[in-house]
Amino acid sequence: MLGSGQLSMSGGWTAYLCLASALTGLFVPAVAVKEHDFKKCDQAGFCRRNRAFADHALSYTGWESPYNILAESTSFKDGQLQATILKTINDNGETVRLPITVSFLESGTARVTVDEEKRQKGEIELRHDSKARKERYNEAEQWVIVGGLTLDKEAKVGYEDKTQITVQYGPESKYEATIKFAPFSIDFKRDGNTHIKLNNKGLLNMEHWRPKIEPPPAPEKKEGEENSSEAENAETTAAQVPEPYPGEDTSTWWDESFGGNTDSKPRGPESVALDISFVGYDHIYGIPSHTGPLSLRQTRGGEGNYNEPYRMYNADVFEYILDSPMTLYGSIPFLQAHRKDSSVGIFWLNAAETWVDITKEKESKNPLALGIGSKTSTNTHWISETGLLDVFVFLGPTPQDLIRKYSELTGTTAMPQEFSLGYHQCRWNYVSDEDVKDVDRKMDKYHIPYDVIWLDIEYTDDKKYFTWDAHSFADPIGMGKQLESHGRQLVTIIDPHIKNVDGYKVSEELKSQKFAVNNKDGEIFEGWCWPGSSNWIDGFNTAARKWWATLFKYARFEGSMRNTWIWNDMNEPSVFNGPETTMPKDNLHYGNWEHRDLHNLYGLTIHNATFEGLKSRETGEFRRPFVLTRSFFAGSQRLGAMWTGDNQAAWDHLEGSIPMVLSQNIAGFPFSGADVGGFFGNPEKELLTRWYQAGAFYPFFRAHAHIDSRRREPYLAGEPYTTIIAAALRLRYSLLPSWYTAFRQSYLTNEPIVKPMFYTHPSEEAGFAIDDQFFVGNTGLLAKPVTHKEKETVDIWIPDNEVYYDYFTYDIIPSSKGKTVTLDAPLNKIPLLMQGGHIFARRDRPRRSSTLMKWDDYTLVVTVGKDGKTAEGDLYVDDGDSYDFEKGQYIYRKFTLDGDAKTVSSVDGEDRKKVKEGDWMKKMHQVTVDKIIIVGAPASWDKKEVTVESEGKTWTATLEYTPAGKGRAAFAVVKKVGARIGADWKVSFA
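Note that the structure is predicted; figures quoted are calculated from it, not measured.

So, how was this worked out
- In every chain, residue numbers begin from 1 and rise along the written sequence.
- Note on the predicted model: pLDDT of at least 70 is required for a residue's local features to be given, and 80 or more for side-chain atom pairs to be given and counted; whole-chain, interface and lining totals, by contrast, use all residues.
- Note that water and hydrogens are dropped before the side-chain values are worked out from all heavy atoms of the structure.
- Basic side-chain nitrogens of Lys or Arg form a salt bridge, by our definition, when they fall within 4 Å of a carboxyl oxygen of Asp or Glu.
- Under the DSSP-based scheme used, a helix requires at least four consecutive residues in state H or I and a strand at least two consecutive residues in state E, with every element numbered from the N terminus.
- Three exposure classes are used, based on accessible area relative to the maximum for each residue type with a 1.4 Å probe and protein chains only: buried under 20%, partly exposed in between, and exposed over 50%.
- UniProt positions are given in the numbering used here, feature names are shortened, and annotations may be inferred rather than shown by experiment.
- Disulfide: a pair of cysteine sulfur atoms within 2.5 Å of each other.
- A pair of strands is labelled paired if DSSP reports no fewer than 2 bridges between them.
- By definition here, a helix of n residues has an expected span of 1.5 Å times n minus one.
- Working rule for contacts: check all heavy atoms of both residues, and any pair within 4.5 Å makes them a contact.
- Polar contact criterion, stated in full: a pair of N or O atoms within 3.5 Å, where within protein one must be able to donate a hydrogen and the other to accept it, and residues adjacent in sequence count only if both atoms are side-chain atoms.
- An axis is simply a line fitted to the C-alpha atoms; with a helix, the fit covers only the stretch in contact. Between two such axes, the angle follows the N-to-C directions and lies from 0 to 180 degrees.
- Orientation is classified from the angle alone, with under 35 degrees giving roughly parallel, over 145 giving roughly antiparallel, 65 to 115 giving roughly perpendicular, and any other angle giving oblique.
- The handedness criterion is simple: a crossing whose near helix is rotated anticlockwise from the far helix by less than a right angle is left-handed, and one whose near helix is rotated clockwise is right-handed.
- Under the scheme applied, nonpolar residues are Ala, Val, Leu, Ile, Met, Phe, Trp, Tyr, Cys and Pro; charged residues are Asp, Glu, Lys and Arg; polar residues are all the others, including Gly.

Visitor: So what exactly am I meant to see when it comes to the pattern of salt bridges here?
Guide: In the structure shown here, the tally under the stated rule is 63 salt bridges. For Glu385, the salt bridge identified is with Arg596, shortest N-O distance 3.0 Å. Placement of Glu385 in the loop between strand S20 (375-384) and strand S21 (389-394) and of Arg596 in helix H10 (residues 595-598) is noted, with a sequence separation of 211 residues between them. On the basis of relative accessibility, which here comes to 6%, the residue Glu385 falls in the buried class. Owing to a relative accessible area of 3%, Arg596 belongs among the buried residues under this scheme.

Visitor: Whenever I open this one, the UniProt feature "domain: Glycoside hydrolase family 31 TIM barrel" (unreviewed entry) in the protein confuses me. Can you help?
Guide: When the UniProt feature table is mapped onto this chain, "domain: Glycoside hydrolase family 31 TIM barrel" (unreviewed entry) is found at residues 413-742. For residues 413-742, the helix share is 32%, the strand share is 14%, and the end-to-end C-alpha distance is 11 Å.

Visitor: Can you help me understand the state of the cysteines in this one?
Guide: Here is the idea: a disulfide is a covalent bond, and it sits between the sulfur atoms of two cysteines. Summed over the entire model, instances satisfying the criterion amount to one disulfide. In this model, Cys41 is linked to Cys47 through a disulfide, with the two sulfur atoms separated by 2.1 Å. The sign of the -100 degrees torsion about the S-S bond sets the Cys41-Cys47 disulfide as left-handed. The residues Cys41 and Cys47 share a single accessibility class, namely buried.

Visitor: Sorry if this is basic, but what is going on with the pairing of strand S18 (residues 342-348) here?
Guide: Look at any regular strand and the pattern is simple: side chains alternate between the two faces of the sheet. Buried residues dominate S18, accounting for seven of its seven residues. Residues Ser342, Val344, Ile346 and Trp348 of S18 are buried on one face, and the alternating residues Ser343, Gly345 and Phe347, pointing to the opposite face, are buried as well. Across six bridges, strand S17 (residues 334-339) lies against S18 in antiparallel orientation. In the strand pairing of S18, His338 is matched with Ser343. Taking the residues that link successive antiparallel strands as the turn, the S17-S18 hairpin has two residues, and the phi of Asp341 there is positive, at about 65 degrees.

Visitor: Looking at this structure, how should I read helix H5 (residues 399-410)?
Guide: Since the α-helix advances by 3.6 residues per turn, residues separated by three or four positions end up pointing in the same direction. The end-to-end C-alpha separation of H5 is 17 Å, in line with the 16 Å expected for 12 residues at 1.5 Å each. With nine of 12 residues buried, H5 is to be regarded as a mostly interior element. Along H5, the positions that sit buried rather than exposed are Pro399, Asp401, Leu402, Ile403, Lys405, Tyr406, Ser407, Leu409 and Thr410. Where H5 ends, the next residue or the one after it, Gly411, has phi of about 100 degrees, a positive value.

Visitor: I'm lost on the pairing of strand S44 (residues 858-863) in this one. Help?
Guide: When you tally the buried positions in S44, you get six out of six residues, the bulk of the element. The side-chain alternation of S44 yields two buried faces, one formed by Tyr858, Leu860 and Val862 and the other by Thr859, Val861 and Thr863. In the sheet, strand S43 (residues 838-842) pairs with S44 via five bridges, with the strands oriented antiparallel. Paired with Ala841 across the strands is Leu860, a residue of S44. Pairing of S44 with strand S48 (residues 928-935) involves six bridges; the strand directions are parallel. Within S48, the position partnered with Val862 by the bridge is Ile934.

Visitor: Would you mind going over helix H9 (residues 542-550) with me for this structure?
Guide: If you check which residues of H9 are buried, you get Ala544, Arg545, Trp547, Trp548 and Ala549. The inward-facing, buried residues of H9 abut helix H3 (140-144), strand S25 (497-499), helix H8 (505-512) and helix H11 (602-615). The opening residue of H9 is Asn541, an N-cap whose side-chain oxygen sits 2.9 Å from the backbone nitrogen of Ala543.

Visitor: What am I meant to see in the sheet that holds strand S36 (residues 754-755) here?
Guide: For sheets, the rule is that strands pair by backbone hydrogen bonds, running either parallel or antiparallel. With antiparallel pairing, the five strands of this open sheet are ordered in space as S36-S37-S38-S42-S40. Single-partner strands in this sheet number two, and they are S36 and strand S40 (804-806).

Visitor: I'm lost on the environment of Lys201 in this one. Help?
Guide: Mapped onto the elements, Lys201 comes out in the loop between strand S10 (193-198) and strand S11 (205-206). Residue classification places Lys201 among the partly exposed residues on the basis of a relative accessible area of 23%. Sequence spacing of Lys201 and Asp275 is 74 residues, and the spatial spacing of their C-alpha atoms is 6.4 Å. If we skip the residues at most four places from it in the chain, Lys201 touches Leu58, Trp63, Asp275, Ser277, Glu361 and Asn379. Of the polar contacts made by the side chain of Lys201, one reaches the side chain of Glu361; its length is 3.1 Å.

Visitor: How should I be thinking about the sheet that holds strand S33 (residues 672-673) in this particular structure?
Guide: A sheet is described by the order of its strands in space; here nine strands give the open sequence S33-S32-S31-S28-S24-S23-S22-S35-S34, paired in parallel fashion. Only two strands of the sheet have a single partner each, and these edge strands are S33 and strand S34 (675-676). Alignment of strand S28 (residues 564-568) against strand S31 (residues 627-629), held across three bridges, turns out to be parallel. Within S31, the position partnered with Trp567 by the bridge is Leu628.

Visitor: Would you take a moment to explain the packing of H9 against H11 for this structure?
Guide: A pair of packed helices can be characterised by two numbers: the angle between their axes and the separation between those axes. Between H9 and H11, whose axes approach to 8 Å, the crossing angle comes to 45 degrees. Overall, the two elements H9 and H11 adopt an arrangement that is oblique. Note that H9 runs across H11; the crossing there is right-handed. Along the contact surface, H9 presents Arg545, Trp548 and Ala549, while H11 presents Thr605, Ile606, Asn608, Ala609, Thr610, Glu612 and Gly613. In terms of residue class, the contact of H9 with H11 is built from four nonpolar, four polar and two charged.

Visitor: How should unusual backbone geometry be read in this particular structure?
Guide: The bulk of non-glycine residues show a negative phi, and the bulk of peptide bonds are trans. Geometrically, the link from Ala182 to Pro183 is a cis peptide bond, its omega value of -10 degrees lying close to zero. Residue placement: Pro183 occurs in the loop between strand S8 (175-180) and strand S9 (185-190). Cis geometry is adopted by the peptide bond preceding Pro397, which originates at Gly396 and carries an omega value of 25 degrees. Within the fold, Pro397 resides in the loop between S21 and H5. One non-glycine residue, Glu580, lies in the positive phi region at around 55 degrees. Exposure remark for Glu580: the relative accessible area of 7% places this residue in the buried category. Even without glycine at this site, Asn750 takes up a positive phi of about 65 degrees. With respect to the element layout, Asn750 can be found in the loop between helix H15 (736-749) and S36.

See below:
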């Protein structure tokens, strides 16, 4: 939903416009994002200082980092090394002590944490009037980390002297970390080769705490006296303020202004920065969310917008620009590097504003080689405003290893409600409950499947959440019941800003119980958002989160039902009259932590509180929540879905959505999508149609539109567009069993749902930068959506020597490994290939919603591999709603084609012993495999019938065989198979 897009001015005028809009319905036309409303690095004091520090270090001959480990301070025990780093702070040799802990974990992950030694009382004091906490923020771990911290007690010291220590760790001790003392650095090796270096360039910088020393007032000058006293005072002050390098800019140490807002900094400068080098790696991925290519660009000396670092500072960036390192709504500081057959990565655990510079350099062993045979290394420079230096190092060697180890720390994807994988119909706003019911009826009239309809802010009583507009939504229960009768759901928006008005119970409770975020003076913070004057719930307060959860109970949120779910928008948080459209950094949260310390975590806390609220709406109700969030951080994947925010109805935004969704998937948050059709503007019909075809392959599939956009429900498109859009939707619904199976795998391992080429084919260098095609789960389905106007062909890259078939025609794609093939893609066709060697499940009977499909029989599609003999696949099924799957109430099948034995068979995929069946499993066991389609079936299978064996019985099923045609593979269709989906069975073609 729109944030401040319609409120382009700052300060009080923004607030006035917001209030006017709330009170009078005034609409201010939306405009594209104004980049000057958001900081660039040189406008953020800590980023500017650290970039300047890097420039000084990298240009200064003989530069050595002023950080050295005190050799006698080192100790190693039970997989953990502890030591003290001394930071030299001036030419007099004065130092600051920085405790460092390097933890080697059982998973093979290493963790490097650097803090600042606690000062004695009185040694350092904040401004006398500040209430801010007097230590570095150290609580991000409790929000983000859920496991994986067990130490590797088998780790051992391999070598140690007065200059360094080497620790061997991980499986079979194949990993190695060499910690060098002077200057401090760490080399991480796998199988004897260096892959990652910390502080190799000497850019480590921890701005230590210091007292603010005001220069003494200049004495009165007598007539004719020189100004020497001013110079002396300046020298004295400078001498008392240690500098990491000559000429450092100290102008933003204690306060900083931007856009008419001043940020007080009672603790002074406290940024943390570190260079991390990926030796021999040219491609790096991750750190969403940004627009631009999947393989991240250089940011120093780069092209176009890329002379700025990638920024991670969750913000309401309306109508964002494309191909830019500019910050967006959420951030995951997880970065991966990849080269042929090797992947490594790091996770930077810091919730403050963070910038990442990227540069590349070529190395050649032969100085006369002129670049021939040289390898490229990628250097990154991480800069955070506050907090600990806390970085996890993953040494792979595969992309799958990185995701698995990252997810051991931060958790895996929540197992979703099955309906949430269907199509979601949304706009700002459906104007009444009758409007909602009318859309519901028309979707049925035009045979367009959908599962969820959404309500934006206008459903509320004057922007008061947990209420309904008495005139427009007079009968929310009646509306919900009509949806329920069609197996459909309702999502309502609930944002964390609470209207500040008398007589509103939620507001009164928020303030009286002190559950709101405070300003720097410890008073309740008041800002402006959709309701006008607003207060924000403090998601870092445990009691506040518990209170928030109670608001979702059916008795409190009257009009909500079992089929009502929640959308958390504006939770960066968005504050219309705040700096950069968000909350002042010197606001105070529970425990007196400054907002600057934990900004990027705020959205996760609201998402978490809402998630818990939906789990406890009624005693005895144990259902999986569905909560969509706009703002997110590492760990948000445990709570639901996200989307890429307020995009535009433009072809380039359609194109840009695919690398954005792929980036989310490889960064551990796969339940992601973009607003189909574009939020702002009015898409032409061709664009809308192509966007539905692409959206059918987003893990989260929702259309959304701005209040000022024309209505664009699929049935309004007209022919042939409505029919083509409906076909794309039915394709999504037919493949829901395979989408759900992919989500189950992601629930177990956090594996991406849609997978880029480097992830599936890590040996094929030609695929490392490809970000416009992808595989879906483990189905072998390779999609390449059309993203350009009037384009009726696509060029798709074939990553291997396996056979590929057209999904719709069964044509064999004439290509080979590493080649690009041109496919016809008229408007009514989605470029979709099937890789040989797979078996995937579909449900082919058209239904109006996923709920109404749950007892339908299955079709299995077998794509015979190039060897003509083999294929395999799987299917996961549960009730799609409850947590009973955690008690074993699910079906998981493995399917195998054995060409030699001429059989297709099904066995329990986990070789489970018989489980006690609940009501759902008993009913599900009556569902059967109705049809098996074998694409690429050999001619010897040209028969009239086949034998089916299952549960001690044998029977025959009919077989229809179609021989190969011009360019098309032969295929066989087994009809009325009749084997129960949860039973072992075998179909024999002998």
